Amino acid sequence: MNIMFIIPRMGGGGAERVTAHIANYLSENDYDVTLTTFISGESFYSLNKEINYIGASCNVSKKSVLRKFSMIKELFKAVKYISKIIDDIKPDVVISMLTTADIITYMVKKYGKYHNFKWISSERAAPSERNIIYQRILNKIYQSTDMFVCQGNVMFDYYSFVQNRCIIANPLFSLKLPEIIEERKPMEIVASGRLDPQKNFSLLIEAFSMVLKEINISVTLKIYGEGPQRNTLQSQINELQLGDKIILEGSVSDLHDRINGAALFVLSSNYEGFPNVLLEAMAMGLPVISTDFQSGIARELIGSENGIIVPVGDVRALKSAIVKILNNKIYRLKMRKNNPYVREQYNIDTIIKKWLKIIEMRCKK
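Each value, and the rule that gives it
Residues numbered from 1 in each chain as written. Predicted model: local features only at pLDDT ≥ 70, side-chain atom pairs only at ≥ 80, totals over all residues. Heavy atoms only, no water. Helix = DSSP H or I, 4+ residues; strand = E, 2+ residues; numbered from the N terminus. Rg over C-alpha atoms; globule rule 2.2 N^0.38 Å. Contact = heavy atoms within 4.5 Å. Axes fitted to C-alpha atoms, helices over the stretch in contact; angles between N-to-C directions. Parallel < 35°, antiparallel > 145°, perpendicular 65-115°, else oblique. Nonpolar A, V, L, I, M, F, W, Y, C, P; charged D, E, K, R; others polar. Expected span 1.5 Å × (residues − 1). Buried < 20%, exposed > 50% of the residue type's maximum accessible area, 1.4 Å probe, protein only. pLDDT = per-residue confidence, 0-100.

Undergrad: Looking at this structure, how should I read the overall build of the protein chain?
TA: When its secondary structure is counted, the protein chain shows 15 helices and 13 strands. For the protein chain, the C-alpha radius of gyration of 22 Å lies close to 21 Å, the compact-globule estimate for 365 residues. If you line up the protein chain on its principal axes, its C-alpha atoms span 70 × 45 × 40 Å. For the protein chain, restricting intrachain contacts to residue pairs at least 6 apart in sequence, the fraction spanning at least 24 positions comes to 70%.

Undergrad: Can you walk me through the packing of helix α12 (residues 315–326) against helix α13 (residues 329–338) in this structure?
TA: Two quantities define a packed helix pair, namely the angle between the axes and the distance from one axis to the other. Axis separation between α12 and α13 bottoms out at 6 Å; the angle between their running directions is 95 degrees. Relative to α13, α12 is oriented roughly perpendicular. Listed contacts from α13 to K324, I325 and L326 of α12 are Y331, R332 and M335. For the contact of α12 with α13, the per-class residue count stands at four nonpolar, no polar and two charged.

Undergrad: Please clarify how the side chain of D87 should be interpreted in this entry.
TA: Mapped onto the fold, D87 is located in helix α3 (residues 72–89). Beyond its immediate stretch of four places on either side in the chain, D87 contacts K113 and Y114.

Undergrad: What should I look at first to understand helix α4 (residues 99–111) in this one?
TA: Three- or four-residue spacings in an α-helix give side chains the same orientation, since the helix completes a turn every 3.6 residues. Between the first and last C-alpha of α4 there are 18 Å, a value that for 13 residues agrees with the 18 Å anticipated at 1.5 Å per step. Most of α4 is tucked away, with ten of its 13 residues classed as buried. All of the buried residues in α4 are T99, T100, A101, D102, I103, I104, T105, Y106, M107 and V108.

Undergrad: Before we go on, may I ask you to explain unusual backbone geometry in this structure?
TA: Most of the time, phi is negative for any residue but glycine, and the peptide bond is trans. Here the bond from K185 into P186 is cis, since omega is -5 degrees, no more than 30 degrees from zero. Following the sequence through the fold, P186 ends up in the loop between β7 (165–167) and β8 (187–192). Even without being glycine, K90 reaches a positive phi, approximately 50 degrees. Looking at the secondary structure, you find K90 in the loop between α3 and β4 (93–97). Located in the positive-phi region is L98, a residue other than glycine, with phi close to 85 degrees.

Undergrad: What is the right way to read the confidence of the model for the protein chain from this model?
TA: Caution is warranted with low-pLDDT regions, since their predicted coordinates should not be read in detail. Looking at the protein chain, the pLDDT average stands at 90 and 94% of residues meet or exceed 70. The low-confidence segment residues 64–70, where pLDDT is below 50, has eleven contacts with residues more than four positions distant or belonging to other chains.

Undergrad: What is the right way to look at the packing of helix α7 (residues 201–212) against helix α8 (residues 230–239) in this model?
TA: Close contact between α7 and α8 brings their axes to 10 Å; oriented N to C, the two are set at 10 degrees. It follows from the interaxial angle that α7 and α8 lie roughly parallel. Only L233, Q236 and I237 of α8 make contact with α7, whose side of the interface consists of F201, S202, I205 and E206. Of the residues assigned to the contact of α7 with α8, the class counts are four nonpolar, two polar and one charged.

Right, dumping it as structure tokens:
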């Protein structure tokens, strides 16, 4: 069977990581796999040598396609480029990842010379975060897919008008997670992600400053990641005079080892699709707090016995949740015992087999 993946680029994001794992699995199981990107350059994630990896030099992105008229030519350049590859390869199944790839695949399927392939698309973000015109375009496009993959129940319900859809969660990527260890002393709260407004680390910093006024426990907050808000966040920390208590650790290659044994992991995001970092923290047995972002994934991962969910942007609710967990060692121990269940439920082999099932099912129709 000939499988082709289409994705704007193979950078270090979550959709790219899913794509790399599925493509590698298929190539290891006697499928002919082509992975096509609009942006030239090596893949951030390792790809099997058997995969036909093709990159172009099209400057196509969600913003440039839909918001900058001057970049429309790049859209058609990418359509022409992808159409030629599909004409040459004649794939049985095309899997598009991320919305720009969805738009281009739709145009190739509708207007290209070879359009006999089965098309599988996947929602990787929260639809509510898109403007209404963009989402209406995508809604029409997704109804043309042969299978539409949602990451959770909220997305599945949102796309009720798409006839052929299913739920496949993100897998737990890290097969080499460190052994779960006891809680370290002194206590640490940890968070991880790109330092930009989406992750709302300023909310976490403010909540933590309030926590320190209520508890009599030695605790620090460590935030891992880099991004455009580093200076803004550091200024906030300095203004609160908490430079010894809140540390921006930057990007690290040994994140799991750094956060292992922390007292608490916090996800303070305004919105998320499927936050892999939350899943990985749970798999390491960390107590967790997450905002109730609109994709609904936090509600599917977290219950009363393994974490706390707080409203998006609610600093007082976040502060109270942190205090509740830090002040209750028995509660933390219960969460540390309950959370590793995700290692089995979201095992990468289990998740990829679900992808394989829908790929084979589409090809038989």
